[in-house]
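This is what each chain is made of:
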Amino acid sequence: KISLDSAATDVHAGLPITSTLESLPLDISVEDGTTHGRLKRAGELKINVSKSAGGSYSYDGSTPTAITYTTTAPTVQSGWIAFTLTPAHVTDLTFSLTHTQPYPFLVKSATLSWILHEP
């Protein structure tokens, strides 16, 4: 049961659960083989959300960083959000999105830009 102190037309309520989306290691075929086991450096993570609030992102097991929106929560937002990642050289590049708040969080797509590090 939910009681409100004042009338409202748009109310979001729910129980907090932890949802995690984690990518597989990013590997592609290149001219001299595959990128499997080779050093990669993450650049930018972009996510496209729909009617969402809250959430965090991390890459390669880093400490999660809260997703910041253009307005304060719990206002839900839609559109692309971009994050510049701290450069790190890793062989198994992955990223994850985590959500623990009782707000909607719908990820329509996610794109990670990265470069192959050639010594």
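All values reported here derive from a predicted model rather than from experimental measurement.

Engineer: In this structure, what is going on with unusual backbone geometry? I would like to understand it.
Structural biologist: Phi is positive for Lys51, close to 45°, though the residue is something other than glycine. Topologically, Lys51 is positioned in strand 4 (residues 40–52). Judged by its relative accessible area of 57%, Lys51 is exposed. With phi around 50°, Asp60 is a residue other than glycine that occupies positive phi space. One can find Asp60 in the loop between strand 5 (56–59) and strand 6 (65–66). Relative accessible area serves as the criterion here: at 34%, Asp60 is assigned to the partly exposed category.

Engineer: Is there a simple way to think about the nonpolar core in this case?
Structural biologist: Among soluble globular proteins, nonpolar side chains are generally buried collectively. Core analysis: the biggest nonpolar cluster contains 16 residues, and Leu45 and Ile47 have the highest contact counts within it. It is strand 4 that provides the largest number of residues to this core, a total of four residues. Each residue touching Ile47, except ones within four places of it in the same chain, is listed here: Ile67, Gly79, Trp80, Ile81, Phe83, Leu97, Ser109 and Ala110.

Calculation rules
- Residues numbered from 1 in each chain as written.
- Predicted model: local features only at pLDDT ≥ 70, side-chain atom pairs only at ≥ 80, totals over all residues.
- Heavy atoms only, no water.
- Helix = DSSP H or I, 4+ residues; strand = E, 2+ residues; numbered from the N terminus.
- Buried < 20%, exposed > 50% of the residue type's maximum accessible area, 1.4 Å probe, protein only.
- Core = buried A, V, L, I, M, F, W, Y, C linked by side-chain atoms within 4.5 Å.
- Contact = heavy atoms within 4.5 Å.

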